[in-house]
Amino acid sequence: MNREELIKHLKKEGYLKTKTVENAFLKVPRENFVRDKDKDFAYYDQPLPIGYRQTISAPHMVAIMTEFLEPKKTDIVLEIGGGSGYQAAILSKLVKNIYTIEFQKELIEFAKKNLNKAGCKNVEVFHGDGSKGYKKAAPYDKIIITCAVSEINEELVKQLKEGGIIIAPVGSGYLQILTIGKKKNGKLKTESYFSCVFVPMRH
Ligand code: SAH
């Protein structure tokens, strides 16, 4: 499969819904975000290992999460779990700024290098534990968590703007529920969608 064929598949299955998100997928070379030995598999709709027992998410999951975030050109976004930088790269074509926190130190350089190659200048990659968000750049229009969390904690809700959207795989163990929250009157209203599999958040 090549990039165009992957996009056709994501549209056919209903994962890609809007032209804007589709264009972001067209612009970002996924082969830049996987290890050299995996480049031949970059356009299969599957997660791939990126070392340190972590993975780059499957394209359909990136499409689903990106569409749920309803990205806007003015948005300031926090990503928790930067990994390869691919999800941040897709968002970078759709929003104003992204701050992405990654726990695994060795992945920071990998993500930075990948984002640089893809010409993503509006992404800042940080090393740290993102379980309590990243206060310095808060509040955010959108927060995306790409590792599994047991709950969406209050500190994250605090760092979300009124009307903001947060998306996270919520659950313990190796099966979670993709959960979307919208902040209304200072409170998070959540909806659960379907089961998914993410690596657990570490501390
Ligand atoms: N969004 C990534 C995929 C992330 S995989 C991509 O597009 O490639 C989940 C990532 O979350 C892993 O890289 C893992 O190291 C990271 N992670 C785990 N616990 C974390 C924490 N407490 N804070 C920040 N990142 C964390």
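Shown above is the structure to which this text applies.
What you see is a predicted model; the values in this text were computed from it and never measured. (Residues numbered from 1 in each chain as written. Predicted model: local features only at pLDDT ≥ 70, side-chain atom pairs only at ≥ 80, totals over all residues. Heavy atoms only, no water.)

Chemist: Quick one: what's the story with the side chain of E155, residue by residue and with numbers?
Modeler: Note that E155 resides in helix α6 (residues 154–158). Since its relative accessible area comes to 17%, E155 is described here as buried. Separated by 3.0 Å, the side chains of E155 and Q159 make a polar contact. Contact partners of E155, with chain neighbours within four places excluded, come to K132 and K135. (Helix = DSSP H or I, 4+ residues; strand = E, 2+ residues; numbered from the N terminus. Buried < 20%, exposed > 50% of the residue type's maximum accessible area, 1.4 Å probe, protein only. Polar contact = N/O pair within 3.5 Å; in protein donor to acceptor, adjacent residues only side chain to side chain. Contact = heavy atoms within 4.5 Å.)

Chemist: Lay out the site of the ligand with the relevant residues and their values.
Modeler: Taken together, the neighbourhood of the ligand is formed by 26 residues, with S84, E102, D129, G130 and R202 sitting nearest. Contact between the ligand and E102: an oxygen atom at 2.5 Å from a side-chain N or O atom of the residue. Taking G130, its main chain carries an N or O atom lying 2.8 Å from a nitrogen atom of the ligand. The fraction of the free accessible surface of the ligand (580 Å²) that becomes covered by protein chains is 99%. Among the elements of the structure, β2 (54–56), β3 (76–80), α4 (86–92) and β4 (97–102) are those that each provide at least two residues to the shell around the ligand. The greatest single-element share of the shell around the ligand, amounting to three residues, is contributed by β2. Taken together, the residues of the shell around the ligand break down into nine nonpolar, 13 polar and four charged. (Near = heavy atom within 4 Å. Areas by Shrake-Rupley, 256 points an atom, 1.4 Å probe, with all protein chains shown as cover. Nonpolar A, V, L, I, M, F, W, Y, C, P; charged D, E, K, R; others polar.)

Chemist: If you had to explain the sheet that holds strand β8 (residues 176–184) to someone new, which residues and values would you point to?
Modeler: Strand pairing in a sheet relies on backbone hydrogen bonds. The paired strands run either parallel or antiparallel. With mixed pairing, seven strands are arranged side by side in an open sheet as β5-β4-β3-β6-β7-β8-β9. Edge strands, defined here as strands with exactly one partner in the open sheet, are β5 (123–127) and β9 (187–196). Pairwise comparison of adjacent strand axes, ignoring direction, gives a mean angle of 15 degrees for this sheet. Inspection of the sheet shows strand β6 (residues 140–145) paired to strand β7 (residues 160–170) by four bridges, in the parallel sense. (Pairing = 2+ DSSP bridges. Axes fitted to C-alpha atoms, helices over the stretch in contact; angles between N-to-C directions.)

Chemist: Run through helix α1 (residues 3–12), naming residues and quoting values.
Modeler: Within α1, the full set of buried residues consists of R3, L6, I7 and L10. Looking straight down α1, one finds that the buried residues subtend no more than 100 degrees of arc, so they occupy a single side. Seen from the open side of α1, the exposed residues pointing more than 90 degrees away from its buried face are E4, K8 and K12. Buried residues belonging to α1 abut α2 (19–27) and α3 (59–68). One side-chain oxygen at the N-terminal end of α1 lies 3.2 Å from the backbone nitrogen of E4; it belongs to N2. The first or second residue beyond α1 is G14, which carries a positive phi of 85 degrees. (Arc of directions from axis to C-beta.)

So yeah, pure geometry; function would need other evidence.
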